[in-house]
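# Structural overview for review
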Amino acid sequence: MREACGVFGIYSFKDDSPFRDVYYGLFALQHRGQESAGIAVSNLEDVKVQKGMGLVNQVFNEQSINQLHGKIAIGHVRYSTTGSSNIENAQPILINSKYGPVALAHNGNLINTEDLRCELKERGLSFIGTSDSELIAALISTSDKSDIESAIIDMLNKIKGAYSLVILTKDSLIALRDPNGIRPLSIGKTENAYVFSSETCGFDIIGAHFIRDINNGELVIIKDNEMRSRIFSNDSREALCIFEFIYFARPDSIIHGRSLYESRVNMGKYLAKEHPVRADLVIPVPESGIPAAIGYADESGIPYGEGLIKNRYVGRTFIEPNQEMRSLGVRIKLNPIQDAVRGKKVIVVDDSIVRGTTSRQIVKLLKEAGASEVHMRVSSPKILNPCYYGIDTATRAELIAANLSLEGIAKYLDVDSLGYLSLNNLVKAVALPEKRFCLACFNDDYPVKVPEKMQSLKLFFK
Ligand code: SF4
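Labelled according to an unreviewed UniProt entry, the protein appears under the name Amidophosphoribosyltransferase, originating from Candidatus Saganbacteria bacterium. Of the comments in the UniProt record for the protein, the one headed Pathway (unreviewed entry) reads "Purine metabolism; IMP biosynthesis via de novo pathway; N(1)-(5-phospho-D-ribosyl)glycinamide from 5-phospho-alpha-D-ribose 1-diphosphate: step 1/2." As stated in UniProt under Sequence similarities (unreviewed entry), the record for the protein gives "In the C-terminal section; belongs to the purine/pyrimidine phosphoribosyltransferase family."

### Regarding the overall build of the protein
Helix and strand counts for the protein come out as 18 helices and 23 strands. Taking 2.2 N^0.38 as the reference for a compact globule, 462 residues should give roughly 23 Å; the C-alpha atoms of the protein span a radius of gyration of 22 Å, in line with that estimate. C-alpha atoms of the protein, sized along the principal axes, occupy 70 × 45 × 40 Å. The buried share among the 462 residues of the protein stands at 60%. Within the protein, contacts between residues separated by at least 24 positions form 70% of all contacts whose residues are at least 6 apart in sequence. With an accessible surface of roughly 18300 Å², the protein has 48% of that area assigned to carbon and sulfur atoms. The positive charge centre, built from 54 side chains, and the negative charge centre, built from 55, are 3 Å apart in the protein.

### Observations concerning the sheet that holds strand E8 (residues 172-177)
Read across the sheet, 6 strands follow the order E5-E6-E7-E8-E12-E13 without closing on themselves; strand pairing throughout is antiparallel. Bordering the open sheet on either side are strand E5 (93-97) and strand E13 (226-231), each of which pairs with just one other strand. Averaged over neighbouring strand pairs, the angle between their axes works out to 20° when direction is ignored. Along the sheet, helix H5 (residues 132-141) contacts E5, strand E6 (100-107) and strand E7 (164-168); its crossing angle with E6, the most-contacted strand, is approximately 145°. Its contacts with the sheet place helix H6 (residues 148-156) against E6, E7, E8, strand E12 (218-223) and E13, and it is angled at close to 160° to E12.

### Description of the UniProt feature "binding site: Mg(2+)" (unreviewed entry) in the protein
Feature annotation in UniProt assigns "binding site: Mg(2+)" (unreviewed entry) to the following positions: Ser288, Asp350 and Asp351. In summary, the annotated positions, though distributed over 64 residues, converge in three dimensions, the widest C-alpha pair being only 7.3 Å. By secondary structure assignment, the location of serine 288 is in the loop between strand E17 (281-284) and helix H10 (290-300). Beyond its immediate stretch of four places on either side in the chain, serine 288 contacts Tyr247, Asp350 and Asp351.

### Quick notes on helix H1 (residues 19-28)
Those residues of H1 that sit buried are Phe19, Val22, Tyr23, Gly25, Leu26 and Ala28. Among the structural elements, strand E1 (5-12), strand E2 (36-42), helix H2 (56-59), helix H3 (62-67), strand E4 (72-78) and helix H7 (201-204) are those in contact with the buried residues of H1.

### Digging into the environment of histidine 106
As for its placement among the helices and strands, histidine 106 is situated in strand E6. For histidine 106, a relative accessible area of 1% puts it in the buried group. Each C-alpha atom, one on histidine 106 and one on valine 166, is 6.8 Å from the other, the two residues being 60 residues apart in sequence. When sequence neighbours within four positions are dropped, the list of residues in contact with histidine 106 reads Cys5, Val7, His76, Gln91, Asp132, Ser133, Ile136, Ala162, Tyr163, Ser164 and Leu165. Side chain to side chain, histidine 106 and serine 133 meet in a polar contact 2.8 Å long.

### Considerations on the nonpolar core
Counting residues in each nonpolar core, the largest one holds 51 residues, and the members touching the most others are Ile242, Phe243, Phe245, Tyr389 and Phe442. With 5 residues, helix H8 (residues 243-248) is the largest single contributor of residues to this core. Residue assignment places this core across two domains, with domain 1 (5-239) and domain 2 (260-432) each supplying three or more. In this structure, Leu104, Ala137, Leu165 and Leu176 belong to the second largest nonpolar core, which totals 30 residues.

### A word on the site of the ligand
All residues adjacent to the ligand are Ile182, Arg183, Cys241, Ile242, Phe243, Cys387, Tyr389, Ile391, Cys438, Ala440 and Cys441. Partitioning the shell around the ligand into residue classes produces 10 nonpolar, no polar and 1 charged.

### Quick look at the sheet that holds strand E20 (residues 345-350)
As summarised here, the arrangement of the 4 strands in space is E17-E20-E21-E22, forming an open sheet in which the pairing is parallel. Since the sheet does not close on itself, it has two edges, and those belong to E17 and strand E22 (417-420), each with one partner. Taking each pair of neighbouring strands and ignoring which way they run, the sheet shows an average axis angle of 20°. Relative to E22, strand E21 (residues 373-378) runs parallel, the two sharing 4 bridges. Across the sheet, arginine 377 pairs through a bridge with glycine 419, a residue of E22. This element, H10, spans E17, E20 and E21 of the sheet and lies at about 165° to E17.

### With respect to the UniProt feature "binding site: [4Fe-4S] cluster" (unreviewed entry) in the protein
The feature "binding site: [4Fe-4S] cluster" (unreviewed entry), as annotated in UniProt, sits at Cys241, Cys387, Cys438 and Cys441 in this numbering. Separation in sequence by 201 residues is not matched in space for these annotated residues, since their most distant C-alpha atoms are only 10.2 Å apart. Note that cysteine 438 resides in strand E23 (residues 437-438). Given a relative accessible area of 9%, cysteine 438 falls into the buried group.

### Looking at the environment of isoleucine 136
Here isoleucine 136 shows up in helix H5. The exposure class of isoleucine 136 is buried, given its relative accessible area of 0%. On a C-alpha basis, the gap between isoleucine 136 and glycine 25 in space is 24 Å, while along the polypeptide they are 111 residues apart. Here isoleucine 136 is in contact with Leu104, His106, Leu110, Met155, Ile159 and Leu165, once residues within four sequence places are set aside.

The rules behind the values
- Residues numbered from 1 in each chain as written.
- Predicted model: local features only at pLDDT ≥ 70, side-chain atom pairs only at ≥ 80, totals over all residues.
- Heavy atoms only, no water.
- UniProt positions renumbered as here; feature names shortened; annotations may be inferred.
- Helix = DSSP H or I, 4+ residues; strand = E, 2+ residues; numbered from the N terminus.
- Rg over C-alpha atoms; globule rule 2.2 N^0.38 Å.
- Buried < 20%, exposed > 50% of the residue type's maximum accessible area, 1.4 Å probe, protein only.
- Contact = heavy atoms within 4.5 Å.
- Areas by Shrake-Rupley, 256 points an atom, 1.4 Å probe, with all protein chains shown as cover.
- Lys, Arg positive; Asp, Glu negative; His and termini not counted.
- Charge placed at Lys NZ, Arg CZ, Asp CG, Glu CD.
- Pairing = 2+ DSSP bridges.
- Axes fitted to C-alpha atoms, helices over the stretch in contact; angles between N-to-C directions.
- Polar contact = N/O pair within 3.5 Å; in protein donor to acceptor, adjacent residues only side chain to side chain.
- Core = buried A, V, L, I, M, F, W, Y, C linked by side-chain atoms within 4.5 Å.
- Domains from an automatic or database assignment.
- Near = heavy atom within 4 Å.
- Nonpolar A, V, L, I, M, F, W, Y, C, P; charged D, E, K, R; others polar.

This is how it looks when you write it as structure tokens:
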């Protein structure tokens, strides 16, 4: 599973440059996307943008501080879920419109991109990149409304799918979440600024305090140092992606008032109750499996320890174009601690299994390191359906749980036993009402109807 993107925005009451805060905000959100990064800044007269391929600290340098001086800024880190990974698709996207310069940063995926692209091309527009975010910008710039706020509402009436957006104009900062609130976005504040961030860990790093989450279907505008809100849609149920709780968001973030760390520890505890097994050691698949493994060990009384070491300095496996290289990627990233696992019955806890390729490699590594038994425990239910809202879960044909029985998966992984957390216990672990989440990966209940032609596409382009 890979994240979609991270967005960040800041409106400073002082005329000092908010660039540094956005830079650090993106730094905290780096786990949500590592392919490209960008920052746009307004000095109330003009908007400048700098973006590039790579990590935040590769794209910006000391010179950026002088070049991106202003009062309002937005930033973006990207993992491409639609559109190729290239500079044309890097964000923020900057357009010159009749409302002046407008920059936007998007987290999520639209599901009606084909229709929108055709419609806009028929109106004579051409596109530089291939991302759906460019369509959002085009819809704003071609609106016939007289002011930017009405043009954004106009655009929102046309797009469907998942979107958390931060939008910068010369003199305002706008943030909004789609009618289902599929991707998160929160409001924070420092002494001198309002801040928006995909996750609250973006506030902590700059000393901002959390005010509240933006609601589904809500648009928040900051202009003339004042913040106001309007609801642009109130006829859809909230459906935050449950994978924010399982894996995507950082464990030190808080969503809907719930600590992600605590939720994941609870997932591990419920997993231990549901799938107990006699063993010597509980180990996580680092780093995302750590809290659930701690919870499993705590509940079961089996000692917790490290059994796999992650090389933190290699990129993610998305850079590999095929299955064969993906397998190699696991070996590059993870190495077993032979002394920790040799001769032991090991329970290895991971947050999810998508294709099964990575898990199979991990089991192989542990057995080669001398583990006498390997029991795999997964702190989420079986992923049976693909995501169309901005998460790379692969196609249904590639999802191992959609194609094999539990026994078949265990055999493929070559584990001594396998257990997934049930949906019921996942919801209990998060301790929020089930109806507030998108659980479509598990139960096929998509909050936004996915067009049939999109379902038949191979969704994600690498
Ligand atoms: S389909 Fe799955 S990954 Fe996509 S938003 Fe829903 S729960 Fe999240």
